[in-house]
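# Architecture at a glance
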Amino acid sequence: MKYKIALVKGDGIGPEIVDAAVKVLDRVGDKFGHSFTYTDVLAGGCAIDAVGEPLPKESVELCLSSDAVILGAVGGPKWDTLPGHLRPEKALLGLRSAMGLYANIRPAVLHEALLSECPLKESIARDGIDMVIVRELTGGIYFGERGRGEGPMGPDAYDTERYSVAEISRIGRIAFGTAMKRRKKLVSVDKANVLESSRLWREIMHSLAAEYPEVEYSDMLVDNAAMQLIRKPSQFDVIVTSNMFGDILSDEASMLTGSIGLLPSASLGSGKLGMYEPIHGSAPDITGKNIANPIATVLSCAMMLRYSFGLEEEALCIENAVSMVLKAGHRTADILGESNAAPLTTTQMTEKIIENI
Ligand code: NAD
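Not measured: the values here are computed from a predicted model.

### Some remarks on the packing of helix H1 (residues 14-32) against helix H10 (residues 295-307)
Viewed as axis vectors pointing N to C, H1 and H10 meet at an angle of 45°, and their least axial separation amounts to 8 Å. As judged from the angle between their axes, H1 and H10 are oblique. Every pair of crossing elements has a handedness; the one defined by H1 and H10 is right-handed. Every residue of H10 that contacts H1 at Ile-17, Val-18, Ala-21, Val-24, Leu-25 and Val-28 is listed here: Thr-297, Val-298, Cys-301, Met-304 and Leu-305. Residues belonging to the contact of H1 with H10 are distributed by class as follows: 10 nonpolar, one polar and no charged.

In structure tokens:
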């Protein structure tokens, strides 16, 4: 099969890690007989430098006409003082909205070989961490009505959490679908004891649960979920939650796995087109040194194969290769821990992954 992939390499370490991921994809293409073609797309700080805006119209069109988008990272200190509408991050929000991406999928997996990197007690970490957080991305309090006013105690400010039945249903379907492909266990996290929007969220999730009888479904209040992630993370398979709760819980979950350089993510909408990116940023402190960990971006490519192209075997092949490399003790500097071994460069880590495919 042939697939057209848009590469938004972006800023900082973005080009280094995306180039690494492309090498891995090409190896997968050779092994399984697929052809991946790539188009470089300008977005972020580099686009501001080149054409004076973070997301040129042509870049949006190139992404929309592709089968999937891989994004490195955008931003950096060089552009930090620009006005809001000219910030590199605008490119991310602009792409998500133009591509209609409303679901953010973030797996958090603790590799057995990296148990010592987990900040939890070994007795808890040993039970394993292998979960996916499905976060609603385009609704809720981050997008609701906001403002400043005059309240009973003087000047005040407000933000509004608002969710429609349609928004909850579509993110719910993605979450149930994700659970069906995994261990068939879904926890919906809300604050239904206080918030009306959470009560609607719960109602819709319950009605969806009836459509997916194979999925073991439960509700959890967000304060309890924050605690349970630390107390017993092994209990979670798939978590679905709103924009703000997902923002916070997915960062908490990612820390449990040890390194920011390992974690992929996918942003999905109603169709097959998705955007795949590591959860970390552009890491200006290590840019150009060939020491960035490429694994988060490589695993994002595995997610692309699975979610946008339906290539499960190929996705697993990448994930297994990464596990084998870590099991064999190969480490980039960010996951070296207390080891005295010499860390691998980005290039060397990429070669190790390719050898294991
Ligand atoms: P960051 O994730 O870029 O870096 C945090 C720390 O983690 C740094 O010490 C960095 O060296 C390290 N790190 C990150 N990725 C790594 C990798 N693959 N391998 C090894 N070490 C890695 O976060 P930050 O420093 O807060 O942000 C830097 C810039 O990135 C900012 O401009 C921020 O706005 C932007 N950012 C972009 C995205 C995105 O494009 N999706 C996400 C987060 C931050």
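This is not the end of the story, as more comes after the structure.
### Considering the site of the ligand
Taken together, 20 residues lie around the ligand, and Val-74, Gly-281, Ala-283, Asp-285 and Asn-293 are the ones closest in. Take Glu-277: an N or O atom from its side chain is 3.2 Å from a nitrogen atom of the ligand. Between a nitrogen atom of the ligand and a main-chain N or O atom of Asn-293, the distance comes to 2.9 Å. Look at the ligand: alone it shows 800 Å² of surface, and the protein chains cover 68% of it.

### Here we look at the packing of helix H8 (residues 222-231) against helix H9 (residues 243-256)
At a minimum axis separation of 10 Å, H8 and H9 run at an interaxial angle of 10°. Our classification of the angle between H8 and H9 gives roughly parallel. Contacts between H8 and H9 involve Val-222, Ala-225, Ala-226, Leu-229 and Ile-230 from the first element and Phe-245, Leu-249, Glu-252, Ala-253 and Leu-256 from the second. Class assignment for the residues of the contact of H8 with H9 results in nine nonpolar, no polar and one charged.

### What to know about the nonpolar core
Here is a general trend for soluble globular proteins: nonpolar side chains tend to be buried in one another's company. With 63 residues, the main nonpolar core has Leu-305 and Ile-353 as its most contacted residues. Residue contributions to this core peak at nine residues, all from H10. When residues of this core are sorted by domain, at least three fall in each of domain 1 (1-102 + 268-357) and domain 2 (119-256). Setting aside anything within four residues of it in sequence, one finds Leu-305 in contact with Leu-25, Val-28, Phe-36, Gly-310, Leu-311, Glu-314, Ala-315 and Ile-318. Membership of the second largest hydrophobic core comes to 22 residues, among which are Leu-120, Ile-133, Val-222 and Ala-225.

### What to know about the environment of Ser-198
Tracing the chain through its elements places Ser-198 in helix H7 (residues 196-211). The class for Ser-198 is buried, based on a relative accessible area of 5%. Ser-198 sits 44 residues away from Ser-242 along the chain, and the two C-alpha atoms are 8.7 Å apart. Each residue touching Ser-198, except ones within four places of it in the same chain, is listed here: Asp-190, Lys-191, Ala-192 and Phe-245.

### Overview of the sheet that holds strand S5 (residues 130-136)
Read from one edge of the open sheet, 10 strands run S2-S1-S3-S12-S11-S4-S5-S10-S8-S9, paired in mixed fashion. On the outer flanks of this sheet lie strand S2 (35-40) and strand S9 (216-221), each paired with one strand and no other. For this sheet, the mean inter-axis angle between neighbouring strands, taken without regard to orientation, is 25°. When strand S8 (residues 185-190) meets S9, the two strands line up parallel, connected through six bridges. Paired with Val-187 across the strands is Ser-218, a residue of S9.

### Observations regarding the domain arrangement of the protein chain
Split by domain assignment, the protein chain resolves into domain 1 (1-102 + 268-357) and domain 2 (119-256). Placing the centre of domain 1 and that of domain 2 at their C-alpha centroids yields a distance of 26 Å. Facing the seven residues of domain 1 at the interface are nine residues of domain 2. Of the roughly 730 Å² buried between domain 1 and domain 2, counting both surfaces, carbon and sulfur atoms make up 69%. It is Arg-96, Tyr-102 and Tyr-307 that lose the most area in domain 1 upon contact with domain 2, and together they represent 69% of the buried surface on that side. For the interface between domain 1 and domain 2, the tally reads zero salt bridges. Here domain 1 is connected to domain 2 by one residue pair in polar contact (both at pLDDT 80 or more). Here the residues of the side of domain 1 that touches domain 2 are counted per class, giving five nonpolar, one polar and one charged.

### Comments concerning unusual backbone geometry
Phi is positive for Lys-184, which is not a glycine, with a value near 60°. Of note, Lys-184 is situated in the loop between helix H6 (165-180) and S8. Accessibility expressed as a relative area gives 27% for Lys-184, which makes it partly exposed.

Cut-offs applied
- Residues numbered from 1 in each chain as written.
- Predicted model: local features only at pLDDT ≥ 70, side-chain atom pairs only at ≥ 80, totals over all residues.
- Heavy atoms only, no water.
- Axes fitted to C-alpha atoms, helices over the stretch in contact; angles between N-to-C directions.
- Helix = DSSP H or I, 4+ residues; strand = E, 2+ residues; numbered from the N terminus.
- Parallel < 35°, antiparallel > 145°, perpendicular 65-115°, else oblique.
- Left-handed = near helix turned anticlockwise from the far one by under 90°.
- Contact = heavy atoms within 4.5 Å.
- Nonpolar A, V, L, I, M, F, W, Y, C, P; charged D, E, K, R; others polar.
- Near = heavy atom within 4 Å.
- Polar contact = N/O pair within 3.5 Å; in protein donor to acceptor, adjacent residues only side chain to side chain.
- Areas by Shrake-Rupley, 256 points an atom, 1.4 Å probe, with all protein chains shown as cover.
- Core = buried A, V, L, I, M, F, W, Y, C linked by side-chain atoms within 4.5 Å.
- Buried < 20%, exposed > 50% of the residue type's maximum accessible area, 1.4 Å probe, protein only.
- Domains from an automatic or database assignment.
- Pairing = 2+ DSSP bridges.
- Buried area = accessible area lost by both parts, 1.4 Å probe.
- Salt bridge = Lys/Arg side-chain N within 4 Å of Asp/Glu carboxyl O.

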